[in-house]
Amino acid sequence: VDCSEGIGSDYHAFSVVDITSLPYCVVATYKNNRLSPLIYPNLIYNVANKYNEAIVLIENASSGPQVASDLYYDLEYENTLMTIQEKGRQVLGFSSNARMGVKTSKQVKAVGCSTIKTLIEDGKIELNDSDLIDEFGDFIPRGGSYAAADGAHDDLVMTMVLFGWLTTQEYFIDLT
């Protein structure tokens, strides 16, 4: 889940990925830049429940902390992932010092970009969404990282970058 302010610039976006078999498959996406962050957790909750109580990973930026908190605490959605600091890096974890969601640090983004690139090139994920594929076309190298080209958006791509990072986590490996 990628969050925004819902005021017409950046987009709220999420991708639903079926991980029950390889290749993984994007089965649904959502993108909206006008939805209030106060309503977004309800939408995520409803969609996640329709997709077998899906595991939800929320980017911890913009309105992300509030969206994650509302989803977990107010809507009591227990499949909301958390991260902890371990040996100087973020990993999925559940403890009293865990943070809701994941902060897109340089390390998280680098691992996520590299991993999603490998998954795509190796045919281990089917993207199945023209908006997502179009965004990948505008996701370019910029300042030692990757970002959307001028005038383009990368909100759906970032959901897949987070998914790429997620697939490297021990929790995900154990799950699948």
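Above this text is the structure in question.
To keep things clear, this report deals only with the structure shown in the data block. (Residues numbered from 1 in each chain as written. Predicted model: local features only at pLDDT ≥ 70, side-chain atom pairs only at ≥ 80, totals over all residues. Heavy atoms only, no water.)

A look at the pattern of salt bridges
Going by this rule: Each reported salt bridge corresponds to a side-chain nitrogen of Lys or Arg within 4 Å of a carboxyl oxygen of Asp or Glu. Under the scheme used here, helices are H or I runs from DSSP no shorter than 4 residues and strands are E runs no shorter than 2 residues, and both carry numbers assigned from the N terminus. Relative accessibility thresholds used throughout: buried, under 20% of the residue-type maximum; exposed, over 50%; partly exposed, between the two (1.4 Å probe, protein chains only).
Here the structure, examined in full by the defined rule, presents three salt bridges. We note a salt bridge from Glu-135 to Lys-31, for which the minimum N-O separation is 2.6 Å. Residue Glu-135 is found in helix H4 (residues 130-137), and its partner Lys-31 is found in strand E2 (residues 24-32); the two are separated by 104 residues along the sequence. Exposure remark for Lys-31: the relative accessible area of 30% places this residue in the partly exposed category. Between Asp-150 and Arg-142 there is a salt bridge, with its nearest N and O atoms 3.2 Å apart. Of the residues examined, Arg-142 reaches a relative accessible area of 37% and is grouped as partly exposed.

Points about the environment of His-12
Formally: Every residue pair with non-hydrogen atoms within 4.5 Å of one another is taken to be in contact. Between N or O atoms, a polar contact is any pair within 3.5 Å; within protein, one atom must be a potential hydrogen donor and the other a potential acceptor, and residues adjacent in sequence are included only when both atoms are from side chains.
Topologically, His-12 is positioned in strand E1 (residues 12-18). The sequence separation of His-12 and Gln-66 amounts to 54 residues, and the corresponding C-alpha distance is 13 Å. In contact with His-12, not counting residues within four places along its chain, are Asp-2, Cys-3, Ser-4, Gly-6, Tyr-30, Lys-31, Asn-32, Leu-35, Ser-36, Pro-37, Tyr-40 and Ser-63. Only 3.1 Å separates the side chain of His-12 from the backbone nitrogen of Ser-4, close enough to count as a polar contact. Side-chain polar atoms of His-12 contact the backbone oxygen of Leu-35, separated by 2.9 Å.

The quantities given are spatial measurements derived from coordinates; they are silent on function.
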